[in-house]
Amino acid sequence: METVVDLDAALFEGLCRMGDTTLVLGHRVSEWCGHAPVLEEDIALANMALDLIGQTQLWLGLAGDVEGKGRDADALAFRRDAWEFRNLLLAERPNGDFGQTLMRQFLFDAWHQPMLKALEGSKDARIAEIAAKAGREVAYHLERSADLVIRLGDGTEESHKRMQAALDTLWPYTGEMMMADDVDRTLAEAGVMAAPDSIRPTWEALVAEVLGEAKLKAPEGAYMHKGGKQGTHSEHLGHMLATMQWLQRAYPDAKW
Amino acid sequence: MYAQMVKSEATNEDPEKLAAFQARIDAGEKIEPKEWMPEGYRKTLIRQIGQHAHSEIVGQLPEGNWITRAPTLERKAILLAKVQDEAGHGLYLYCAAETLGVSRDELTEALLSGKMKYSSIFNYPTLNWADIGAVGWLVDGAAIMNQVPLQRTSFGPYSRAMIRICKEESFHQRQGYDIMMKMAQGTPEQKAMAQDALNRFWYPSLMMFGPSDKDSVHSAQSMAWKIKINTNDELRQKFVDQTVPQAEYLGLTIPDPELRWNEEKGGYDFSEPDWSEFFEVIKGNGPCNAERMEARQKAWDDGAWFREGLMAHARKRAAAKVAAE
């Protein structure tokens, strides 16, 4: 684990954690375009991907400003390699079936929404402003993903089975969202970003309520994967970046 | 313009009723879903609106092909918004078709079984990033050419859907042209991509208007009913006249050695597309027909458990509500 004491360096890390997570999840969601089970879902997924990419522009834009080395949001998104990415592992999980995509979204939204709420209270006005804007979008994401998890968990036998399988598969990637490291603690002490562990009670209560209504059961005592926030990813991220960054890398002198 | 070669149905109803109906159309009145209409009018509209809706849905695929590879966050966001608009257009159009007594599921089944078609243009691949510019500039440009007059079509729900859709389509066209500008003014490789995109999309865009229909009985009936407003040739000419100066401004060459200004007619002379290619694409032999249908079929099949799950939950809720009362 790295130790970062310098506040600006920690802030750059913290902002990349937010922006890389929305970028990577937005990319995953956008992979559904034209392939969703009903037209309304095609529309909703494109809308959600659009929100997440918009939030990426804000978080990574601010990260570039804080860093002060002349990198803008695009430079950070398209010109860093996998080990420089700071997204949560949950965000890079492959889409799987539609149930896995929805469950991933719900488990994330249930963290994202209270996290943004907490960030609205940041001492850094720039962070508070982004959090307020993103929070309005994410409140809707959570409402939608929670509702669908309930309906499919308590739908047919098959939909229940698929949602339970999705929950079992993704559960070990939830712990990382609420684990604090030195970066998080530095930022929390300075009052600029909320500590991830402070989100746990809200997340747990929300998830328990929705899973209860959905008749789904969270696995007990599961091992929790970690490392994404520090730049150690699954094999999946490299492939995603190979696709995402290809044009920028192949034609580095081009303006688009 | 996502409806091609829509056959209009013959109609053999009470001549008095037909004459009264025609008089309403001639007077510029809108026909609303609950009002009497000839069976042929209803069926032709279902076919045309359905084909248009299917085109919006299948049209997500060639553009979706580049969302994950869009070169900047801004371009990615714009493309996502565009594809989302297209799915939205599909939704309004299916709703407009539903007012004529056909469900979205029935229309979807007809698409998947091959009984209904979508525009030939979406059977062409998007091979480089400039294709996303060319699709906006040329494909949406051709679509607008046809849809602007359709805002005045006689069927109320279709006309209202077109008014809304046209606003968004002109926005898409400008965004497409903006990509072409960046590419045409960019590095030599970017300019080559832009020219390559124009070379591949030019003739398929001209095909979007359908073959010449000046002697078609079907077209005459559709025009009398104001389901079709202009002939295919009129629209194609207008499209060429509008697009040639735009290509010149970009410094790109339209791939037609016969293209020249005709002072007398006040428009360009241009080469016809290869209509045998068009008929092959319509028959299913275009470069992407198989993939497009496979993708839609897979989305439908893989989504069955999802749709059934939602229905089952709704039934449980309804039953619980009844039990509680």
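Residues numbered from 1 in each chain as written. Chains lettered and ligands numbered in written order. Predicted model: local features only at pLDDT ≥ 70, side-chain atom pairs only at ≥ 80, totals over all residues. Heavy atoms only, no water.

Caption draft 1: View of the overall build of chain B. A tally of regular secondary structure across chain B gives 13 helices and 2 strands. Relative to the compact-globule value of 20 Å for 325 residues, chain B shows a C-alpha radius of gyration of 21 Å, a close match. Principal-axis analysis of the C-alpha atoms places the extent of chain B at approximately 70 × 50 × 35 Å. The buried share of chain B, reckoned over its 325 residues, is 55%. Roughly 13,900 Å² of accessible area belongs to chain B as shown, and the carbon and sulfur atoms make up 55% of that amount. In chain B, which carries 39 positive and 46 negative side-chain charges, the distance between the mean positions of the two groups comes to 6 Å. (Helix = DSSP H or I, 4+ residues; strand = E, 2+ residues; numbered from the N terminus. Rg over C-alpha atoms; globule rule 2.2 N^0.38 Å. Buried < 20%, exposed > 50% of the residue type's maximum accessible area, 1.4 Å probe, protein only. Areas by Shrake-Rupley, 256 points an atom, 1.4 Å probe, with all protein chains shown as cover. Lys, Arg positive; Asp, Glu negative; His and termini not counted. Charge placed at Lys NZ, Arg CZ, Asp CG, Glu CD.)

Caption draft 2: Region of the structure containing the side chain of B:N289. Residues and elements named next belong to chain B. The topology assignment puts N289 in helix α12 (residues 289–302). A distance of 2.7 Å separates the side chain of N289 from the backbone nitrogen of G286, its partner in a polar contact. Each residue touching N289, except ones within four places of it in the same chain, is listed here: Y118, N123, V281 and G284. (Polar contact = N/O pair within 3.5 Å; in protein donor to acceptor, adjacent residues only side chain to side chain. Contact = heavy atoms within 4.5 Å.)

Caption draft 3: Structural context of the packing of helix α2 (residues 39–67) of chain A against helix α4 (residues 73–98) of chain B. Running from N to C, α2(A) and α4(B) point in directions that differ by 160 degrees, and their axes come no closer than 9 Å. Judged by the inter-axis angle, α2(A) sits roughly antiparallel to α4(B). Here the hand of the crossing between α2(A) and α4(B) comes out left-handed. On α4(B), the residues that touch A:L39, A:E40, A:D42, A:I43, A:A46, A:N47, A:A49, A:L50, A:I53, A:T56 and A:Q57 of α2(A) are B:L73, B:E74, B:K76, B:A77, B:L80, B:A81, B:Q84, B:A87, B:G88, B:G90, B:L91 and B:Y94. (Axes fitted to C-alpha atoms, helices over the stretch in contact; angles between N-to-C directions. Parallel < 35°, antiparallel > 145°, perpendicular 65-115°, else oblique. Left-handed = near helix turned anticlockwise from the far one by under 90°.)

Caption draft 4: Here's a closer look at the nonpolar core. Formed by 143 residues in total, the largest nonpolar core has its most connected members in A:M103, A:F106, A:L107, A:W111, A:L119 and B:W129. Sequence-distant contacts of A:F106, defined by excluding residues within four places in its chain, comprise A:L142, A:S145, A:A146, A:V149, A:L206, A:V207 and A:V210. Core analysis: the second largest hydrophobic core is formed by 30 residues, B:Y94, B:V102, B:A161 and B:W225 among them. (Core = buried A, V, L, I, M, F, W, Y, C linked by side-chain atoms within 4.5 Å.)

Caption draft 5: Structural view of the side chain of B:E86. All names here are of chain B. Take E86: it is sitting in helix α4. Of the residues examined, E86 reaches a relative accessible area of 3% and is grouped as buried. If we skip the residues at most four places from it in the chain, E86 touches E56, G59, Q60, E63, D140 and H172.

Caption draft 6: The arrangement of unusual backbone geometry in detail. Positive phi values are uncommon outside glycine, yet A:K215 reaches one of about 60 degrees. Its place among the elements puts A:K215 in the loop between α9 (200–214) and α10 (235–244). Accessibility expressed as a relative area gives 54% for A:K215, which makes it exposed. The phi angle at B:K226 is positive, at roughly 55 degrees, despite the residue not being glycine. Turning to its location among the elements, B:K226 is positioned in the loop between α9 (217–224) and α10 (232–250). Taking relative accessible area as the criterion, B:K226 reaches 27% and is therefore assigned partly exposed.

Caption draft 7: Inspection of the interface of chain B and chain A at higher detail. Contact residues are listed per partner, giving 47 residues for chain B and 52 residues for chain A. Overall, the association of chain B and chain A removes approximately 4,200 Å² of surface from exposure, summing both partners, and the carbon and sulfur fraction of that is 70%. Across the contact surface, chain B and chain A share 3 salt bridges. The partner of B:K316 in a salt bridge is A:D154, and the shortest N-O contact between them spans 2.9 Å. Where chain B packs against chain A, one counts 12 residue pairs in polar contact (both at pLDDT 80 or more). Counting only elements with at least two residues in the side of chain B that touches chain A, the list comes to α3 (60–64), α4, α7 (156–184), α8 (188–207), α12 and α13 (304–324) of chain B. For the side of chain B that touches chain A, the leading source of residues is α4(B), giving 14 residues. Across the side of chain B that touches chain A, the residue classes tally to 23 nonpolar, 12 polar and 12 charged. (Buried area = accessible area lost by both parts, 1.4 Å probe. Salt bridge = Lys/Arg side-chain N within 4 Å of Asp/Glu carboxyl O. Nonpolar A, V, L, I, M, F, W, Y, C, P; charged D, E, K, R; others polar.)

Caption draft 8: Quick look at the environment of B:M116. All names here are of chain B. Mapped onto the fold, M116 is located in the loop between α5 (104–112) and α6 (129–150). Note: C-alpha distance between M116 and S154 (38 residues apart in sequence) is 23 Å. Not counting residues up to four positions away in its chain, the partners in contact with M116 are I46, R47, G50, Q51, H54, L107, A110 and L111.

Caption draft 9: Here's a closer look at the packing of aromatic side chains. Counted under the stated rule, the structure contains 17 aromatic pairs over all chains. Look at B:Y41 and B:W225: their rings are 5.6 Å apart centre to centre, the planes differ by 90 degrees, and that puts the pair in the edge-to-face class. Here B:Y41 is found in helix α2 (residues 39–58), whereas its partner B:W225 is found in the loop between α9 and α10, with 184 residues between them in sequence. Residue classification places B:W225 among the buried positions, given a relative accessible area of 3%. Here the guanidinium or amino end of A:R80 rests over the ring plane of A:F85, the centre of that ring lying 4.5 Å away. (Phe/Tyr/Trp six-rings, centres within 6.5 Å; stacked < 30°, edge-to-face > 60°. Lys NZ or Arg CZ within 6 Å of the ring centre and 35° of its normal.)

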